[in-house]
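Read off the chains here:
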Amino acid sequence: MAQITDKVREEVKEIIFEFFAEECETAVEDINDNTNIISDLDGDSLMFLELIEIFKKKYNLNIELKTIGKFAIKNPVKTIGELVKMQLLIIEHENNILNI
Amino acid sequence: MNNKTTLLFPAFIAEYTQKELETFSRHKIDFTKYLQTASDTLGIVLQDFTYNSEEYKNDEFLAQIIAYLFSCASFDILKKNGIKPDFGAGYSMGIYSGLYAAGAIKFEDGIKIIYNAFKLVSELSCTDEYAMAGIVGLSISDVQEITSNNSLSIEIINVNSEHSIVIAGVKKDVIKALDFSKMEGALAASMLNVKTPYHSKYLKPFANRFSVFIDSFDIQIPEFPIISTFDQRIITTTDEIRKELVFNLTEKINWYKTMQFLIQKDVSLFYECGAGKDLSKIARFIDGDFRFIPLHSI
């Protein structure tokens with residue numbers, strides 16, 4: 001289990017905001033925690049998958065995609081803020097995320 | 001040395017970058033002429049194109065036609081700019097624009113082939129009993145297990161990457177497969193906007209008739225090799241093109257293996273010849289030292 005420090009929290013937020021800004025060709029300043037990933041940014045599942053891969057590599061996470069999928073069904077993510085929270089939980093709990 | 005170039009041709013357009021028409025205009029490509037030629041060839045009046053045109057999204061046949069027109073126009077930009085590829089590969093129905101680009105078929109013949117292929121398989125699509133779907137986040141073995149454990153009449157008909165799979169088959173079973181996939185932990189599992197189970201066993205009975213039809217066309221030796229998405233062989237002859245056209249409609253394809261093959265052949269530069277950026281998105285999950293050039297950056 002990784003410790004979620006303020007630094008990690010900021011890092012995750014920055015990566016997610018910059019990722020969507022680049023992918024969706026929008027300014028980082030136009031994205032906030034309430035931005036809807038689908039309706040505001042035209043985001044898709046492949047973007048979500050790519051982000052997961054980025055974080056898996058960056059934090060050397062031991063988590064199966066299927067586990068994230070099962071978690072996401074129970075805890076659907078619509079906004080950027082919710083996605084940041086989910087990503088922090090993934091980093092913190094990895095494969096145990098279904099038990100929290 | 002990694003310095004080869006490949007042109008990739010998409011099949012359908014999931015989403016436009018909305019820079020396509022501006023790019024055509026900048027390169028003095030009049031897209032209305034492509035639409036007009038298609039109208040004349042088909043003997044129907046195709047509506048003016050806008051990014052929001054519902055008919056070009058929801059009509060399975062028109063969706064293929066518009067994707068073909070965009071791909072051909074995109075290739076014409078590359079040609080004008082002197083880009084000479086080492087290979088070409090068409091994702092599913094993208095083979096037709098790939099063959100146009102390689103000089104193997106005439107522009108109008110591509111339209112006729114799409115029309116006749118669609119007419120042929122409409123025996124299936126008009127029943128509304130078949131479907132296709134995409135599953136993201138599960139592996140091939142996960143989907144195979146779901147299929148066999150639940151005796152579903154579906155098949156994996158294409159693999160985009162390790163965790164992106166396309167299935168086709170009997171509609172009610174495709175729907176079940178999506179439900180099971182979500183329960184199994186798929187990040188996304190959704191129906192595609194088609195009623196024909198392309199590349200599945202249900203298309204096999206059409207192979208002979210399609211082959212006879214293809215034989216009636218004048219096909220030229222391609223100016224650059226086309227890589228088969230069926231078995232990744234290098235296609236350089238007219239006979240092989242004829243075979244591939246039939247395989248491409250009636251057999252499973254594997255885009256992942258096709259991309260891996262191209263990367264192994266030292267391809268480091270890909271151009272996505274068409275609207276949207278679906279193929280470059282898929283490629284992000286394929287390992288290798290390569291890059292995609294967006295059409296609008298040319």
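What counts and how
- Residues numbered from 1 in each chain as written.
- Chains lettered and ligands numbered in written order.
- Predicted model: local features only at pLDDT ≥ 70, side-chain atom pairs only at ≥ 80, totals over all residues.
- Heavy atoms only, no water.
- Domains from an automatic or database assignment.
- Contact = heavy atoms within 4.5 Å.
- Buried area = accessible area lost by both parts, 1.4 Å probe.
- Salt bridge = Lys/Arg side-chain N within 4 Å of Asp/Glu carboxyl O.
- Polar contact = N/O pair within 3.5 Å; in protein donor to acceptor, adjacent residues only side chain to side chain.
- Nonpolar A, V, L, I, M, F, W, Y, C, P; charged D, E, K, R; others polar.
- Core = buried A, V, L, I, M, F, W, Y, C linked by side-chain atoms within 4.5 Å.
- Buried < 20%, exposed > 50% of the residue type's maximum accessible area, 1.4 Å probe, protein only.
- Helix = DSSP H or I, 4+ residues; strand = E, 2+ residues; numbered from the N terminus.

1. Considerations on the domain arrangement of chain B
Residues and elements named next belong to chain B. You can read the domains of chain B as domain 1 (4-125 + 200-297) and domain 2 (130-191). Its C-alpha centre places domain 1 at a distance of 25 Å from the equivalent point of domain 2. Between domain 1 and domain 2, the contact holds 13 residues from the first and 14 residues from the second. Summing both partners gives a buried area of about 1200 Å² for domain 1 against domain 2, and 54% of it is carried by carbon and sulfur. Contact with domain 2 buries surface across domain 1, with Tyr202, Lys252 and Tyr256 losing the most and accounting together for 43% of the total. Where domain 1 packs against domain 2, one counts one salt bridge. Between Glu155 and Lys252 there is a salt bridge whose closest N-O contact spans 2.7 Å. Counting the contacts that link domain 1 with domain 2 gives eight residue pairs in polar contact (both at pLDDT 80 or more). Looking at side-chain class alone, the side of domain 1 that touches domain 2 contains nine nonpolar, two polar and two charged residues.

2. Thoughts on the nonpolar core
If you look at the biggest cluster of nonpolar residues, it comprises 150 residues, and the most contacted ones within it are A:Phe20, B:Phe31, B:Ile66, B:Leu69, B:Tyr96, B:Ile167 and B:Phe210. Ranked by the residues each element gives to this core, the list is headed by helix H4 (residues 60-80) of chain B, at 13 residues. Shared between two domains, this core holds at least three residues of each, these being domain 1 (4-125 + 200-297) and domain 2 (130-191) of chain B. In this view, A:Phe20 contacts A:Glu25, A:Thr26, A:Ile31, A:Ile37, A:Leu41, A:Met47, A:Leu51, A:Ile80 and A:Leu83; residues no more than four positions away in its chain are not counted.

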